[in-house]
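# Secondary and tertiary structure notes
Given next are the chains, with one letter for each unit.
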Amino acid sequence: MMRFLLLITLAWNILQITATKRPNIVVLLADNLGYEDVSWFASDARDDSAASSTPNIDRIGRDGLTFTNWNSAAHLCSASRAALLTGQYPARLGVYPGVFHPDAKLGMSTQTQTLASRLKQLGYSTRLVGKWHLGHQYAYLPIHFCFDEYLGVPYHMSGGSVDNHTCNYDELQVQWLPLYHNAKIIQQPVQTQHLGSTYAKYATDFVQQAKQPYLLYMAFSHVHQLCASANWPEQSTCQWSGQGSTFRDAISEMDWIVGQILNAIEDDDTIVVFTSDNGPWVAEQSCAGLKGPFQGQWLKDNTDPSCTACPHDYVPNPTPDRPRR
């Protein structure tokens, strides 16, 4: 929870600043990225052939502060994003235990105070680029959460078919993943081979042209998989554009986007935060990230085997057959 509280505390503290000059804020959030997928954190003892190269992300650690006590409020997308934007546990927001699917009728309450709504009170310009995943019906889109503009996909990359990838649960093969601009679908299905450059341009244009101060929330679709299949490994290719693409290719593309944004920042009074949402989807094997030292071993060593920890098996109260959860 520490990293989410850090961002929300940052906004609260800025509210107390009486100076005319307030810092710009750029939040870069990866999707299903592992600790050692960033080369800045890669272990020296690890096989170099498995290491990623993230020179632009590494710049943030080298020139700033590095936080190694990585904690997430939830281990899945919608819930962890709700916590990031509000500073609240997702269970308090009702964004738990699952994720919002393409047929979801609800989303996060628009009455909820968020990082964007707090900063709007101070006159910040706000933009969201990338993945939202807190409700895709009109009433729950980012423009109703104090984001001036939004360009991105409304849920995870496996929330609809793209290119020649047909999702396992998409029986009619017509559930194409949409790309939104504000409240309008501008492309369906998403052209994944161009999505990275589209994100980079939309983000850098904002950084260069925004009325200051500004908040840029860049929520990458990287490195979540395109379609969730019943059998692993998920696809012959892992992510994004072209045949033969690999998980490391997706990381490299994300790092390139980060570099474009960093190069576009001209004001020294800019706070840049890079983090991931809820860690790697390790079941995806070669299409998943590397956990590094975060192995979840304490839970395995200290929890009764009868404990049911999967959120999709959640029940509100223990039962004789399920004494713990």
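First things first, this report covers the structure right here in the doc. Counting restarts for each chain, with residues numbered from 1 along the sequence as it is written. Restriction of local features to residues with pLDDT of at least 70 applies here, the model being predicted, together with a cutoff of 80 or more for giving and counting side-chain atom pairs; totals for whole chains, interfaces and linings are based on all residues. Computation of side-chain values: all heavy atoms of the structure, hydrogens and water removed.

Secondary structure summary: the chain contains eight helices and seven strands in total. Exposed residues in this analysis have more than 50% of their type's maximum accessible area, buried residues have under 20%, and partly exposed residues fall in between, with area computed by a 1.4 Å probe over protein chains only. Considering the chain as a whole, with its 325 residues, one finds that 50% of them fall into the buried category. The contact criterion used is simple: two residues touch if any of their non-hydrogen atoms lie within 4.5 Å. Taking all contacts inside the chain whose residues are at least 6 apart in sequence as the whole, residues at least 24 apart take part in 68%. Element-wise, carbon and sulfur atoms account for 51% of the exposed surface of the chain, whose accessible area totals about 15,500 Å². Put simply, DSSP H or I for four residues or longer makes a helix, DSSP E for two residues or longer makes a strand, and each gets a number counted from the N terminus. Here the Shrake-Rupley method, with its probe set to 1.4 Å, supplies the accessible areas, and only the displayed protein chains count as covering residues.

This part covers helix 2 (residues 55-63). The periodicity of an α-helix, 3.6 residues per turn, causes residues three or four places apart in sequence to face the same way. Within helix 2 the residues assigned to the buried category are N56, I57, D58, I60 and G61. Next to the buried residues of helix 2 lie strand 1 (24-30), helix 7 (247-264) and strand 7 (270-276).

The subject of this paragraph is the pairing of strand 3 (residues 149-152). In this scheme, strands are said to pair when DSSP sees at least two bridges between them. As defined by bridge partners, strand 2 (residues 125-130) adjoins strand 3 across three bridges and the pair is classed as parallel. Directly across from V129, in strand 3, lies its bridge partner L151. Looking at chain direction, strand 3 and strand 4 (residues 179-181) are connected through two bridges and run antiparallel. Opposite G152, over in strand 4, you have Y180 as the bridge partner.

A few words now on the sheet that holds strand 5 (residues 184-187). Read across the open sheet, the seven strands follow the order 5-4-3-2-6-1-7; overall the sheet is mixed. Single-partner strands in this sheet number two, and they are strand 5 and strand 7. The average undirected angle you get between the axes of adjacent strands in this sheet is 20 degrees. The pairing of strand 2 with strand 6 (residues 214-219) spans six bridges and is parallel. The residue of strand 6 that forms the bridge with S125 is Y214. Each axis is a line fitted through C-alpha atoms, taken for helices only over the stretch in contact, and angles between the N-to-C directions span 0 to 180 degrees.

Purely geometric numbers; function is a separate question.
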